[in-house]
Amino acid sequence: MKALIFRGPGKLEWGEKDKPTIQEPTDAIVRITKTTICGTDLHILGGDVPAVTDGRTLGHEGVGIVEEIGSSVNNFKPGDRVLISCVTSCGSCDYCKKAMYAHCEKGGWILGHLIDGTQAEYVRIPYADTSMYHIPEGVDEEALVMLSDIFPTSLEIGVINGEVQPGDVIAIVGAGPVGMAALLTAQLYSPAEIIMIDLDDNRLELSKKFGATKTVNSSKTNAVEQVLELTDGKGVDVAIEAVGFPVTFDICQQILKPGGRLANVGVHGKPVELHLEQLWIRNVKITTGLVSTSTTPMLLKTVQSGKIKPEQLVTHRFSLDQILQAYEVFRNAAKEKAMKVILSND
């Protein structure tokens, strides 16, 4: 089969690999129909995730059709259309029993990380019964690709960890795919204001269409000063960091009001400076996390009902064999006006 193969920092190859086979009775083999590229894949490409080794097939998002199942798989059968979770869950370890699937002792984030992932014609899904979801009839597959990772990530690690409440003033630093997903899911909790902060005017304009009430271009003005001005000097109730850079984390620290919450979603490859000397007296809360996808069933229902339309984030479409071109577009998102790309294996 054809697959996207990581060859070390900065190096990718579209080449031949052996088609995956059933290794455990709980496995399923899925033929990928649609997948995408995540910001985390770019962090891997940049060398920020050293556990990803030469030869790994990247990707942890996608939808597909079950081709084969192990003898212990009960919830799925060949021919079923499925949504693949970015997090693999055994369903029985101590962490899974707490719904902390991200820390599953036998799974967690392993697709495209510790085992071969979804940017290929076929993928092996361990613990298939608890790591995939049936696709409802009539739901746009492009929308569901967004439910593999960025929507549960933004909801769980950004909005829920940030304890967004009705009437809150929130700021989202980073108007990329995860930041936009946070913008869309935050509106389920009726905040009064959503301030979007980014370097790219195009993305900021798009964020207004998705529900941002105010925007700040941090390349043109001091973002901290601008947010304080927009909030009458008070700051925000919730700051969601959706980039993963020291400078964006620092903005979040400085714009919180007393009692505020900083929810870090971004994948950090470098240390950040924590200004505890300023924060300790302000009763702020800082949270971090890796998505567990425990909200995916709820998100499936909101997509089915039309409350959330994740397909709005799709800006570019490619065939799977054009994945190297798709990576170039995604890596140059500002120039290409790219948000999410869809790769179809037709």
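Above this text sits the structure in question.
Remember, it's a predicted structure, so these values are computed and weren't measured experimentally.

### Quick notes on the pairing of strand S2 (residues 12-16)
Consideration 1: Here five bridges tie strand S1 (residues 2-6) to S2, and the two strands are oriented antiparallel to one another. Its bridge partner being in S2, phenylalanine 6 is matched across the sheet by leucine 12.
Consideration 2: The hairpin turn running from S1 into S2, its antiparallel successor, is five residues long, and glycine 8 in that turn takes a positive phi close to 105 degrees.

### Some points on the sheet that holds strand S12 (residues 256-264)
Consideration 1: Ordered in space as S10-S9-S8-S11-S12-S13, the six strands form an open sheet in which the pairing is parallel. The sheet is open, and its two borders are formed by strand S10 (214-217) and strand S13 (285-287), each paired with just one other strand. Shown here is a sheet whose adjacent strand axes are inclined to one another by a mean of 15 degrees, direction ignored.
Consideration 2: In this structure, S12 lies alongside S13, joined through three bridges in parallel fashion.

### Some points on the pattern of salt bridges
Oppositely charged side chains may form a pair once their charged atoms are brought near each other.
Consideration 1: Within the structure shown, the criterion is met by 18 salt bridges.
Consideration 2: A salt bridge links aspartate 116 to arginine 56; the nearest nitrogen and oxygen atoms lie 3.0 Å apart. Taken together, the residues span a long stretch of sequence, with aspartate 116 in the loop between helix H2 (94-97) and strand S6 (122-125) and arginine 56 in the loop between helix H1 (39-45) and strand S4 (62-69) at a distance of 60 residues.
Consideration 3: Classification of aspartate 116 by relative accessible area gives partly exposed; the value is 30%.

### Notes on the packing of aromatic side chains
Consideration 1: Counted by the stated rule, this structure contains zero aromatic pairs.
Consideration 2: Lying across the ring of tyrosine 122, lysine 19 places its NZ or CZ 4.3 Å from the centre.

How each quantity is defined
- Residues numbered from 1 in each chain as written.
- Predicted model: local features only at pLDDT ≥ 70, side-chain atom pairs only at ≥ 80, totals over all residues.
- Heavy atoms only, no water.
- Pairing = 2+ DSSP bridges.
- Helix = DSSP H or I, 4+ residues; strand = E, 2+ residues; numbered from the N terminus.
- Axes fitted to C-alpha atoms, helices over the stretch in contact; angles between N-to-C directions.
- Salt bridge = Lys/Arg side-chain N within 4 Å of Asp/Glu carboxyl O.
- Buried < 20%, exposed > 50% of the residue type's maximum accessible area, 1.4 Å probe, protein only.
- Phe/Tyr/Trp six-rings, centres within 6.5 Å; stacked < 30°, edge-to-face > 60°.
- Lys NZ or Arg CZ within 6 Å of the ring centre and 35° of its normal.

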